[in-house]
Amino acid sequence: LSDMYPRRTVLVICLLAGSVGYAIIPLVPSVPILIMSRIITGLFRQTLTIMKAWISDITKPIERRQQLSFFYASTAMAFAIAPALGGMLAEDYGYRVPFTVATGILLFNV
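In what follows, the accompanying structure is described. The shown structure was predicted, so the numbers you read here are calculated from the model rather than taken from an experiment.

### Concerning the packing of helix α3 (residues 47–58) against helix α4 (residues 61–93)
Relative orientation and spacing of two packed helices are given, respectively, by the angle between their axes and the distance between those axes.
Step number 1: Closest axis-to-axis distance for the α3/α4 pair is 9 Å, and the angle between their directions is 160°. Judged by the inter-axis angle, α3 sits roughly antiparallel to α4. Crossing hand, α3 versus α4: right-handed. Contacts from Leu 48, Met 51, Lys 52, Ile 55 and Ser 56 in α3 reach Arg 64, Gln 67, Leu 68, Phe 71, Tyr 72, Thr 75 and Phe 79 in α4.

Printed below as a string of structure tokens:
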């Protein structure tokens with residue numbers, strides 16, 4: 001889709017839809033609604049792919065390798081740190097708080 005439409009537009013739509021999916025999770029009264037929210041989140045979580053393409057588009061060829069390396073390093077750190085932070089938040093404040101924080105982070109990135 002990001003080849004047919006502007007990457008920024010697709011990225012904003014993915015972030016907003018992902019935040020809706022995460023916002024539903026703390027409010028779920030049943031398993032089917034939980035599954036629906038995870039499907040919504042999963043369908044619109046292609047932000048990493050869009051960001052890689054966007055970085056490749058906006059950087060000069062000589063800088064592209066360095067910028068993509070920074071992107072991959074920050075993504076790897078996030079994948080390493082986020083589960084631990086989510087676990088600590090869930091342990092201290094309940095299982096709904098990590099999803100509320102994730103919703104806020106996604107909306108902040110819009």
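### Observations regarding helix α1 (residues 7–24)
Step number 1: An ideal rise of 1.5 Å per residue puts 26 Å on 18 residues; α1 measures up with 26 Å between its terminal C-alpha atoms.
Step number 2: Taken residue by residue, α1 has Arg 7, Val 10, Leu 11, Cys 14, Leu 15, Ala 17, Gly 18, Ser 19, Gly 21 and Tyr 22 as its buried positions.
Step number 3: Contact partners of the buried residues in α1: α2 (31–43), α3 and α5 (97–109).

### Some points on the packing of aromatic side chains
Step number 1: Tallied over the entire structure, the rule returns two aromatic pairs.
Step number 2: Centroid distance Tyr 22 to Phe 99: 6.3 Å. Interplanar angle 25°. Geometry classified as stacked. Here Phe 99 lies in helix α5 and Tyr 22 lies in helix α1, a separation of 77 residues in the sequence.
Step number 3: A relative accessible area of 26% places Phe 99 in the partly exposed class.

### Things to note about a nonpolar patch on the surface
Step number 1: On the surface, a nonpolar cluster with roughly 400 Å² of combined accessible area is contributed by Val 31, Ile 35, Ile 39 and Leu 43.
Step number 2: Topologically, Ile 35 is positioned in helix α2.
Step number 3: Taking the relative accessible area as the measure of exposure, Ile 35 reaches 45% and is therefore partly exposed.

What counts and how
- Residues numbered from 1 in each chain as written.
- Predicted model: local features only at pLDDT ≥ 70, side-chain atom pairs only at ≥ 80, totals over all residues.
- Heavy atoms only, no water.
- Axes fitted to C-alpha atoms, helices over the stretch in contact; angles between N-to-C directions.
- Helix = DSSP H or I, 4+ residues; strand = E, 2+ residues; numbered from the N terminus.
- Parallel < 35°, antiparallel > 145°, perpendicular 65-115°, else oblique.
- Left-handed = near helix turned anticlockwise from the far one by under 90°.
- Contact = heavy atoms within 4.5 Å.
- Expected span 1.5 Å × (residues − 1).
- Buried < 20%, exposed > 50% of the residue type's maximum accessible area, 1.4 Å probe, protein only.
- Phe/Tyr/Trp six-rings, centres within 6.5 Å; stacked < 30°, edge-to-face > 60°.
- Patch = residues over 30% accessible without salt bridge, like charges linked within 9 Å, V, L, I, M, F, W, Y side chains within 5 Å.
- Areas by Shrake-Rupley, 256 points an atom, 1.4 Å probe, with all protein chains shown as cover.
- Salt bridge = Lys/Arg side-chain N within 4 Å of Asp/Glu carboxyl O.

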